[in-house]
Each structure stands twice: as C-alpha cells, then as structure tokens.
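Below, each chain spelled out in residue letters.
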Amino acid sequence: MNVLKKTDELYPTRKVEVFKKAKEFRTDYLNSLLTAHERGKKILLTNCETLWSLWSGFHNLQIYWPAGHVQDISATKPERTIEYLDELEKRGFRAICAWLMVPIGEMLHPEGEIKPDFAATHHVCEPMGKASQVFDDLFGIPTRVIETPQSPDPKRLGDVHLKFLVDQLHEAIEWMEKVSGEKCDDEALCEGIRNEIETEVLAARVLEFNKAVPAPLDLRLAAVLTWPAWVEARRNRTVAYFRELYDEVKQRVAEGIAAVPNEKVRLFHEAAPPFPNMKLLNLGYPYGAVFMGGSVIFIYPCAFKVTEDYSLVSGQTLEERGITLRTRDDALRAIADQNINNLPVGPWMSVTPRKAMTLKAMKDWHADGAVFHLDHGCQGMPAAGREVQLALKEAGYPTLMYEGNSVDPRGIVESQIADAFESFYAALGLKKGY
Amino acid sequence: MEKVHDIVENRHQYAIDWKKKTGGKVVGCFCSYVPEELIWAAGMLPVRILGSHETQDVADSHIAGIFCPHCRDTLAQGLQGRYDYLEGIVNAHTCIHMNQAFNAWGDHVTKGYSYFFIIPSNFQIPYSLSELTHEMGEFKRSLEEWTGKSISQEDLDKAIEVFNTNRGLLREIYDLRKSDPPLLSGLEAMELTLVNMIMDREECNALLADALKEIKERPSTIPSNIRLMIVGSENDDREYVRYIETLGATIVIDDQCTGSRHFWNDVTPGGDPLMALAERYRNRPRCPLKDGGKRTRFEHMLKLAKEWDAAGVIIGQQKFCDPMGYEIPAMQTMFKKNDIPSMVLELDVTVAHGLVRTRVQAFLEMLDLEAALF
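Residues numbered from 1 in each chain as written. Chains lettered and ligands numbered in written order. Predicted model: local features only at pLDDT ≥ 70, side-chain atom pairs only at ≥ 80, totals over all residues. Heavy atoms only, no water.

Undergrad: How would you summarise the overall build of chain B if you had to cite specific residues and measurements?
TA: Across its full length, chain B carries 15 helices and 8 strands. Rg of the C-alpha trace for chain B: 20 Å, near the compact-globule value of 21 Å for 374 residues, within the 12% margin. If you line up chain B on its principal axes, its C-alpha atoms span 65 × 45 × 45 Å. For chain B, with 374 residues in total, the buried portion stands at 64%. In chain B, once contacts between residues fewer than 6 apart in sequence are set aside, the share between residues at least 24 apart is 75%. By element, 51% of the accessible surface of chain B is carried by carbon and sulfur atoms, the whole surface being about 13,300 Å². The positive charge centre, built from 41 side chains, and the negative charge centre, built from 55, are 2 Å apart in chain B. (Helix = DSSP H or I, 4+ residues; strand = E, 2+ residues; numbered from the N terminus. Rg over C-alpha atoms; globule rule 2.2 N^0.38 Å. Buried < 20%, exposed > 50% of the residue type's maximum accessible area, 1.4 Å probe, protein only. Contact = heavy atoms within 4.5 Å. Areas by Shrake-Rupley, 256 points an atom, 1.4 Å probe, with all protein chains shown as cover. Lys, Arg positive; Asp, Glu negative; His and termini not counted. Charge placed at Lys NZ, Arg CZ, Asp CG, Glu CD.)

Undergrad: Pulling in residues and values, what's your account of the overall build of chain A?
TA: The secondary structure content of chain A amounts to 15 helices and 10 strands. Relative to the globule expectation of 22 Å for 434 residues, the C-alpha radius of gyration of chain A, 21 Å, shows essentially globular dimensions. Summarising its shape, the C-alpha atoms of chain A cover approximately 65 × 55 × 40 Å along the three principal directions. Buried residues in chain A amount to 63% of all 434 residues. A separation threshold of at least 6 residues defines the contact pool for chain A, and within that pool the share at least 24 residues apart is 78%. Total accessible area on chain A stands at roughly 15,500 Å², and carbon and sulfur atoms take up 50% of it.

Undergrad: Account for the state of the cysteines, with residues named and values stated.
TA: Scanning the model with the defined rule gives 0 disulfides over all chains in all. With no disulfide partner, C125 of chain A has as its closest neighbouring cysteine sulfur the one in C97 of chain A, 6.3 Å distant. Left without a disulfide partner, C321 of chain B is nearest to the cysteine sulfur of C95 of chain B, which lies 6.6 Å away. (Disulfide = S-S within 2.5 Å.)

Undergrad: Can you lay out helix α3 (residues 78-89) of chain A for me, pointing to particular residues and giving the numbers?
TA: Residue and element names in this part refer to chain A. Between its terminal C-alpha atoms α3 stretches 16 Å, which fits the 16 Å expected from 12 residues at 1.5 Å a residue. Every buried residue belonging to α3 is among T81, Y84, L85, E87 and L88, and all of these are buried. Here the buried residues of α3 occupy an arc of 145 degrees about the axis, which is enough to place them on one side. Here the buried face of α3 lies against α2 (66-76), α4 (98-108) and α5 (126-139). (Expected span 1.5 Å × (residues − 1). Arc of directions from axis to C-beta.)

Undergrad: Provide a residue-level description of the interface of chain B and chain A, including the pertinent values.
TA: By a widely used convention, the size of an interface equals the accessible area lost when the partners come together. Taken residue by residue, the interface counts 48 residues in chain B and 49 residues in chain A. Each partner contributes to the roughly 4,100 Å² buried at the junction of chain B and chain A, and carbon and sulfur atoms together form 56% of this total. Summed over the shared surface of chain B and chain A, the result is 4 salt bridges. For D107 of chain B, the salt bridge goes to K355 of chain A, with nearest N and O atoms at 2.7 Å. Put simply, chain B and chain A have 25 residue pairs in polar contact (both at pLDDT 80 or more) between them. Breaking the side of chain B that touches chain A down by element, the ones donating at least two residues are α5 (96-108), β4 (113-117), α6 (128-147) and α14 (322-337) of chain B. The residue makeup of the side of chain B that touches chain A, split by class, is 23 nonpolar, 16 polar and 9 charged. (Buried area = accessible area lost by both parts, 1.4 Å probe. Salt bridge = Lys/Arg side-chain N within 4 Å of Asp/Glu carboxyl O. Polar contact = N/O pair within 3.5 Å; in protein donor to acceptor, adjacent residues only side chain to side chain. Nonpolar A, V, L, I, M, F, W, Y, C, P; charged D, E, K, R; others polar.)

Dropping the structure here:
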C-alpha cells in the first residue's frame, strides 16, 4: 500500500496543450448534432460505444451518442434533466436506466433539441438491449439491436461467437441501407473501422501513462481528453488528435508533470461519476487525494486486452497486427474481433474476473484506494461493486462506497456525499492544505 | 396434492434424500434457461434455486441494495449454507442481477462445479440457433468432463422424453384452470410447477399424474371468484399468491419463469438432440430479457389471458428489474386495448401484506364494478 508515501513537496504541473482541441471536438460534435436535420442529415441514436464506425459508410448519417449528451445535460442543465426524466415517469416508466430515460425523455419533451430518426442499441447490458423496444413503442422509428456475446472468461468466446456478431453487423448495414435509402460506402467503412481501432488503442496507451507517479492526468481530465474517442473515433482527425495527445502525455511523464501538484493519495473511482455534481470529485484536491483511474475510463473507450493474469494491456492497431481492410466483411470482422477479444467489457461485467482485474489494475496503476459509486442511474457500471470492494479490503486497500446518481440530480445528496468523501480522506490521514 | 405441498415445503430435504438414495450429484440452476435435460441425462438432479422469502443480512455486503431482491435472497441462502448439498451450480447468461449472485456464490459458497451457460439475448437473430446449439454442445462436454460419464444419444433421447412428459402433464393441469370455477387454486398450481423444479422428473411425472387424477376426482372447493392472471419477473412466492387469493380472486394463469414459461413448449424429438434442445429453449415463451428486438411475448401473454378468461392482470415486477420495467407501460397498453385491466405490484423478498391488500382490493373492486356495469 502506498498511502501517504509522498512528502509535502509539490510536483510541477502545467496545462495540457491539446485540451483546447478536445473541447473543440465536443463543441463541433454538439453543433453537428443540433444542425443535422438542417443540413439534410438523418440522426442515428446509438449507444454502441465501440461500434460507431459501423456506420462510417453512411455519409448522410449523423451519429448521436446519447451518453455524451446526457453527461452534458446532467452537468449543465439539472432542471432540464429532471423534466426529461419526468416525461417518461408520467408514461409509467419507473427507475429504469437513467442514461436512456434522459434521451428518450428529450424526444418526448416539447423543447427537446435532438430527435433521432433511427435507433441502434447495443446489448452490452440488459437496459441498453431492451431500450430499442421503447423507441419503437413511443416513436415508431426504425430500431435495431446488436448483441455482443459476453463471457466472464474471454477464452470461451471463439469463432462461433465472432460469426454471431459479424452476421449481425452485416444485417445492420443492410438494415441501414434499407431504412436510410443510402448505399454503404465500403471504402469509408474500412477507413472508419481502422480509425476507431487505432483511436481505442491510443486511448488505452494514454491511460497507461497514468501508471506514473505523479499521475499526468486526473480522472476528469482523462475523461475529457479521451472523450473524442467516444463520438468521433472513426475520423482521421481523431486519430491525429490522439497521436498528439499520446506524445504530450508521454512528455509529461518524462518531465514528471502532475495533474495535481500535491498528489499524495492515488484513488480509483469505480462506476460512472456523479455528472450532475462533478465538483464532488474535486473535494480531494486540497487533501492531495487524486482520482486517476477506474472502470469509467478503462472500460470505454480503451482497447485494453485482458491477459492471463488479468492485467490490462493496451492492444495493437490493425497496422501493427499486419491487417489490411479491403472489403466490408474484412472491416466487420475486425470490429467484431475488437469488441469480443480486445475490450474488457465482458469480464468487467462479471464478479470474479472484475475483482482480479481491479486488484491487478490497482497494483499496476499504483493506486492507494478506491471509491465506489453505488449509482442508482445505471445498473451495469456498479455491478460487482460490493464484491470488488470486499476484495480490495481483503487486500488491504482503503475503500469507500457512496450512493448517488450519475444522471439524476435528485439522486445526489451533496452534503451527505461530501461528508462521506471528507471523512474518507481524514481516515486516510490526510489533512487539508498544500 | 398434500405430497406436492410437503415436497415444496421441504425441498432441501428432498434433494438430500435423493442423494442418499441414488448416490447422484445435485446441481443448482439459477435460471429457467439452463437446459436441465442435459444435467438429468448426465444422471444428476437439477434443482432450481428458489427464493427463501425470509429477511436476511448476509448478502448485502456482496450485492448492493440497488439490485433485485431475488438475487440477494438467492445468494443469502447459499451463504447461510442452505444449499450445502449441491455439488455444482449453473447459470444461463441472464441479467446483471443474477449474474452477480451466481458469481458471488461461486466465489464464496460452492467449491465444486460452476458453469456459466452462454446464451444469446436476442433470439430473433437467425444465427442464434447455431450459437445456442454450439453452447448446448459445450455444456454437454463440460458435464461429461466433470462427471467422467459420457452422455449418449440414448441418454439425451430419454431425457427429452421424460421432460416432454412432464411438460405435457403440467399443461394438462393448467387446462383444469380454464373452467369456472377452476378445479385448482393459483397456489396449488404454483406448487405443482415448483415441485417439478425440485424433484427428479421421472419421479415427479408419477406424482403429477396422481395429482391430475386427484384434482379431477375431488369435490370442487374453489369458489367462483374474480379470475386473475399474474405476469412477472421471477416469482416463486407462494405467500404472494395465497394472499391475493384470500382477497376474493383466483389466479387462473400466469406468465412467469417459475410458472408456465418453464414448461410451455416441448422439445421436438428426432434429429440432432442438441439442436432440438436449442430450438426448444429459443422458441419457448420468453422472459423480458430474452425477448429482445421485435417483441414476441406480448402476443403469447394475451393469448393466455384470453384462453383462461382472466378478468384482470397483476404484473409483478421484482424491484429494480430493468428488463421488466421497460416493458410495463407497453404491456399495460396492450392489455388495456384488449379490455383487460392490469395493475403493477413490486415484488420484494417478503410480501408487504398491507400494501398488497390495499392495492389488490382496490383493483378487484374496480374489476367487480366493471363486471357489474358491462
């Protein structure tokens, strides 16, 4: 355990240069979404976090990743978030996945800004998979579900599972051609998929730099900087951005540049953060407690491969693997393989491997403790939280679990959470002040 | 019927006695999508892990309170040693909730065999049949490795025949609920379905045949009450059914994995038995989770409600069950369009008698009024 191993000496720090570009991605993305219909584009809502490039061959399609939008609304317009949730609650939906209730509520709300034309949901968890039926029930828009086979033991997923996903992806492309009336440009599809995989690999490598002490990025910064991988992974611009980000963070590590100058205790934050009140995560700074890792940034959008000993190791780009994509089938096989074999989602959803993965990651990223968010807005991310917490405790790590909501501001009792955080920092022997 | 009740009441003792008698292994199943035929064909006793419906304080440190009461109740029984007689456990990939109970059970309770049956959630995908057939083969191979016994074609054919007989008997019993008054209560029907999740199927078939005969021959004691259908997430709570029936209703049909969904369709024998099993599990009436993509289960539910002449439907949702939560508004709309009123009750580990009484009584009064007016 590394608790309180540092002196009071401050680390050097400086702004991340590419931060401006990350913000530009966000602004550009939101603008393109808001003006999509004016520009004659159709909007496809998709929660397929790691399958966006699937739609790269459709030039008249604007991809809408609701989770990104929900983060923005929750953080900046809490009252509007509640109104959107109310839209569904008054239609009889109770306490289902808040990440989907908000975008669906927005579609129902008279002042909702984003009204998708199609929905393609990705069955990574049950709420995501079932949501397609709600789009059909309430709006009658064309919907599609794509299911990625999952197993707690990735070794059990083989050719039959790859084919299961590849077949669905072929059908999804054909479905989109039919409902949008646009022919898929296979060359653009290959390019998009190649870019998505490279972006995910680079994102993982950037986060591997956070193993360094002091951490070059804190959780919030890491989330903002890797955000373009969530929404624009398929573009050449995004790959260029991630190469730049990689170089800059590498340089920060070489120079010992910290995200937080008084880093004393390094913490993982497990499950999604409380977006309606992100400042809660800053409460640790005066104490020198820094969130620098955790499932929210490791699962998506990073290509971390899970090794035999449950280490998370960044994967390889297609180029590094010597793979060239020439046909639609090549491209779909590559993205299916990426989802099944090169992302840690499946094992992360299961108790036993997640315990082993978290313990190993805590060690590899030199974390001193972990804070678990018992998030009432999402069932997938907090799953296995209690068991992982027990495993960390047994291994001697200090932990805290707090109840909150990653989306619904009504689910966050600020004073209670702040109290829990501050007590935790005090229990770690930390004192306020640099 | 008394014997059925006794076995359900003393289900652990039944399994322990079965082991003594046969020397066989007992395997706990976490979900009705576990292909029990394969376990039975390997000479073992598959038992469904049912709820205890008792409050507990041992599972909450393993599964947080935002997950369903049933998964926490399940794990609690394992932690309390109530299933210590199990040699193995199997879960079919269902929901986040049960997966947590299964994994935690594997880490803290069972030291023996543990198998996670990979199963698609979206059965509408044509290729799901090949995947499921493949998984049947994988599971068979895993059981063979574990037991050291090969499962022959004859073993599989025999298992399919016994399980089909079992399902046929249960359907016949359910048919006796169509009359007014029905020939058996909802509670009796629930115990008859639960008993086949506890007993050796061949032995159970004899018991079900006796029960069928007894029900047909005994003088009817079931009053002509308001006829209800229950729809739900996992629900094996006999007290819930008993209590609703004390309020002036008779439950005549259900759509639950611990009820009709468990036995509704047969395996079509002949050909590759693994594919036949895959087809059966793929085509059975689906649970909310397995009915991804275009819905199929509503039509089946409506057919049941109409054929069994249900005046109303009680939809029981395990607290925090998202797949069910997504469906409820559309399900209620569907029933409403067909002039079948419905209400929603949240299921917890124990029955909240006061709340259930108030809400069900109001619902029954409304149904009674509708019947009087129309």
